[in-house]
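The primary structure of each chain is shown beneath.
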Amino acid sequence: MIKNYLLIAFRNLLKNKGFSFINIFGLAIGMAACLLILQYVTFELSFDKFHTKGDRIYRINQDRYDNGKLSTRWAGGAFAPGSEFKAQLPDIEDFVKMVPAGQVLVNYKDQKIVIKDQYDYFVSGSFFNIFSYPLLSGDPKTALQEPNSVVISETIAKKLFNNSNPVGQTLVMNNDKPIKITGVMKDMPENTHMKLDFLQSYSTLIKNYAPQLDHQWYNDGCTTYLLLRPGVDPRKLEAKFVPIVKKAYEELFKSAGATAVYTLQPAQSIHLYSNRMFELEPNSDGNSVYLLLGVAIFVIIIAWINYINLATARGIGRAKEVGVRKTLGSGKRQLITQFMFEAALLNLLSVLVAFILISIFLPVFGSLSGVDISFSLFGHLSFWLSVLGMLLVGTFFSGFYPAIVLSSFRPIEVMKGKLSASPKGIILRKGMVVFQFAASIFLLIGSVTVFKQIEYMQKQNLGINIDQTLVIKAPLAKVDSFYRTMKNFKDESLKLANVKSVTASTTIPGEPIPWNAGGIKLHGAAESTGKQYRIVGGDYDYLAAFNFKVLAGRNISKDFPTDTGSVVFSKKAAEQLGYDRPADAVNKRIDFWGKTYTIVGVVDNYHQQSLRDDYDAIIFRCIPDVRGDVSVKIGTANLQQTIDGLQANWKRFFPEDQFDYFFLDDHFNQQYHADKQFGQVFGVFTGIGILVACLGLFGLVSYTIVQRTKEIGIRKVLGASVNNILQLLYRDFAILIVIAFVLSIPLAWYAIHKWLQTYAFRIDVNPLFFIMPFIAVVVIAFCTVSYLSLKAALMNPVKSLKTE
């Protein structure tokens, strides 16, 4: 019996080659697209799921408030909470503190490498007890206990020691700080929210640099993770934080209006649902990931709908086959089995074609998404489960309804030729076409919105000038007099023909401001009026080099020797201090960490980071000997010659440091890299969805025209023109597209509105975002319909009537 089913299924596929191709190719494209997106989504959802104790690991998030108003939201907050909560709450089994250690120059004998700041952290001793990052050598219990000890990654170990065991060896940091290697860690996997190469012991920070920090409630920058005991409810534990925090703040700040709220976030959710200050790395966006999952579902459903539509539309053509089979004794169950078998065979062939498409386009998808899935996905159980699930669901979803419809034909009506299309069946087919086009329009509206938002962010005026700015990473090696050495480098570099300015600062545009200060207030005001601000330290030339717009007062300048005691406020910072008019803030004095500074100017707000973030309240402080990145404004002429000149000067004055440089505009736009990748993936798969929908439409139109061949011939004999025939064939599909457009508008508006809310600076929703996709779908659909419709309208009516 199975052999007979298989033989009949193959005969039907070969008999209707055009429809078979449309079904198989359409389903294959849908399956390939869906499987690729599912692998991407699976990867995004897999972050930090590999930790053995992962369901009990939580990060302490900190929200700071000034007089009841939220001021900052930190991933890396105060230093005290971890140890204080652990000491007072038995629900906490363990904790680990992590603090950025900054970029470091590492020497071993004649080997020299730079560890970039995002890979270098001070980490407390419980790190390997809480997280499941395996050590290749060393003891995980003691590796991070002692001061001046470090655990390095496998990659760093190979760079410095090749294949020998480095445990016990001593490295030298920044030419003057020895540190002992106590462990080698297997490289952290891609699916974790931290990517560290250099783990210095937390006790190194406390002993050598800042012994007072460990119990501070107001110095921020410490990321703390808790390991809860089994069965502990994190929400109930959060409530126990409140009295501890309240008591600490009352003792420290007394009448001040500062306070903080501490909440717990599962480590497994950080990658998709966290965008706070001091994240260990830029995270993804859960809404975007699930939006892509929705695209995958839309695409595969559109492909399945194609099969259902074509199978039921062709039902009349197979009616006599069903009638003969029933007359010869076939039961309804046997017929359903036959048609389900055909659906299974077609889905299986589609899966095989989908594998070929995946193999071809996998590298392209990896480039678009930024996720290196590679061909290893064929070895993952999750991939094959997805394939099996799609095959089973697809067979049932695409085969069951056509099987029920086709097996229900009555033999007597069929043999008499009285069978006609069911009104309910026609309505259902039209409904599915409406769904296909509504989904296509919805996806197109989303693609247009994503593209416009990204374009808006990249073209928006930042409020400063970052063009033609070459940034040299901060010198790390110790020199006799840093101020004198840097001054000499600046002076010599300014002699180069195309160098316009040279300035150093604690941070550069495009990066988070690591220096946060609280309790800043007007001189003599009550402690309770103190608020938090971000601090940028720069030399005399910083503000002028980036062309900050001065709203009141002046820039910091060498012409004023007292400017080391002066500050410049951003407009938002002045407003936070209580001055809506920038001029009113000029010459006011503020108390800042035990010192008094004078506000000499107010500059306009600017975008320090992505337009996803709001303006910050920023204070610019003059630090003539600031040790930070060096920003060089250069001309466009003789670019390589200018870079060579800068490099020669760098090697002359900072011989132990690498000349590591980049262009600031490129660096700033890297913040939008993830947004651009999301837009590309969304746009490509939207196009695939529309292609699959058009394939189905092409097949449905071709079969509709075959069914109406006699009608078209009679109309032409009676005097209908080609234009009349085209209008007749266009009208039905035009109505369906209009209905689809009307249905898609509210859903699309809601979706793009929710997505845009994640950006502090965003485009306004424009009616053109809806009209353009509608016109595009109309044009694509009518081009699809036109070829077959025009061919039918131009056919000789005598030939048309002979077909009957």
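In the block above lies the structure referred to throughout.
Residues numbered from 1 in each chain as written. Predicted model: local features only at pLDDT ≥ 70, side-chain atom pairs only at ≥ 80, totals over all residues. Heavy atoms only, no water.

(A) Inspection of the packing of aromatic side chains at higher detail. Across all of its chains, the model carries 40 aromatic pairs by this definition. Residues Phe-131 and Tyr-225 carry aromatic rings whose centres are separated by 5.1 Å and whose planes lie at 85° to one another, so their mutual orientation is edge-to-face. One end of the pair, Phe-131, is in the loop between helix H4 (127–130) and strand E8 (135–138); the other, Tyr-225, is in strand E13 (residues 220–228), with 94 residues separating them in the sequence. Note on Tyr-225: relative accessible area 0%, which makes it buried. One residue, Arg-554, lies across the ring of Phe-560, its end atom 3.5 Å from the ring centre. The ring of Tyr-759 carries Arg-612 above its face, with NZ or CZ at 4.2 Å from the centroid. (Phe/Tyr/Trp six-rings, centres within 6.5 Å; stacked < 30°, edge-to-face > 60°. Helix = DSSP H or I, 4+ residues; strand = E, 2+ residues; numbered from the N terminus. Buried < 20%, exposed > 50% of the residue type's maximum accessible area, 1.4 Å probe, protein only. Lys NZ or Arg CZ within 6 Å of the ring centre and 35° of its normal.)

(B) Region of the structure containing the pattern of salt bridges. Using the criterion set out here, one finds 26 salt bridges in the structure. The partner of Asp-539 in a salt bridge is Lys-490, with the nearest N and O atoms 2.3 Å apart. Taken as a pair, Asp-539 in the loop between strand E18 (531–538) and helix H16 (542–545) and Lys-490 in helix H15 (residues 482–494) lie far apart in primary sequence, 49 residues in all. Residues Asp-539 and Lys-490 agree in their burial class; the two are buried. (Salt bridge = Lys/Arg side-chain N within 4 Å of Asp/Glu carboxyl O.)

(C) Summary view of the pairing of strand E17 (residues 516–522). Summarising burial for E17: five of the seven residues are buried, a large majority. One ladder, built from three bridges, connects E17 with E18; its direction is antiparallel. The partner of Ala-517 across the bridge, within E18, is Tyr-533. Looking at chain direction, E17 and strand E21 (residues 589–592) are connected through two bridges and run antiparallel. Bridged to Leu-522 within E21 is Ile-590. (Pairing = 2+ DSSP bridges.)

(D) A look at unusual backbone geometry. Residue Asn-148 is not a glycine yet carries a positive backbone phi of 60°. Within the fold, Asn-148 resides in the loop between E8 and strand E9 (149–153). Accessibility expressed as a relative area gives 27% for Asn-148, which makes it partly exposed. In the Ramachandran plot, Asn-587 falls in the positive-phi region, its phi being about 75° despite a non-glycine side chain. Looking at where Asn-587 falls in the secondary structure, it is placed in the loop between helix H18 (582–585) and E21. You can call Asn-587 exposed: its relative accessible area is 59%.

(E) Representation of the side chain of Gln-453 in the model. Examined against the element boundaries, Gln-453 turns out to sit in helix H14 (residues 423–459). Looking at Gln-453, the relative accessible area reads 0%, which means it is buried. Filtering out sequence-adjacent residues up to four positions away, Gln-453 remains in contact with Trp-755, Leu-756, Tyr-759, Phe-761, Arg-762 and Ile-763. (Contact = heavy atoms within 4.5 Å.)

(F) Molecular detail of the nonpolar core. Ranked by size, the top nonpolar core spans 119 residues in total, and within it Phe-437, Phe-548, Phe-620 and Phe-685 carry the most contacts. The element that contributes the greatest number of residues to this core is helix H2 (residues 17–45), accounting for 15 residues. Aside from chain neighbours lying at most four places away, what touches Phe-548 is Ile-464, Tyr-542, Leu-543, Val-603, Tyr-606 and Phe-620. Listed in part, the 40 residues of the second largest apolar core include Val-567, Phe-592, Trp-650 and Phe-653. (Core = buried A, V, L, I, M, F, W, Y, C linked by side-chain atoms within 4.5 Å.)

(G) Layout of the side chain of Arg-534. Within the secondary structure layout, Arg-534 lies in strand E18. Here the side chain of Arg-534 touches Asn-516 through a polar contact of 2.6 Å, side chain to side chain. Other than its neighbours up to four places away in sequence, Arg-534 contacts Ser-71, Thr-72, Met-277, Ile-513, Trp-515, Asn-516, Asp-616, Ala-617, Ile-618 and Ile-619. (Polar contact = N/O pair within 3.5 Å; in protein donor to acceptor, adjacent residues only side chain to side chain.)

Honestly, it's all geometry; don't read function into it.
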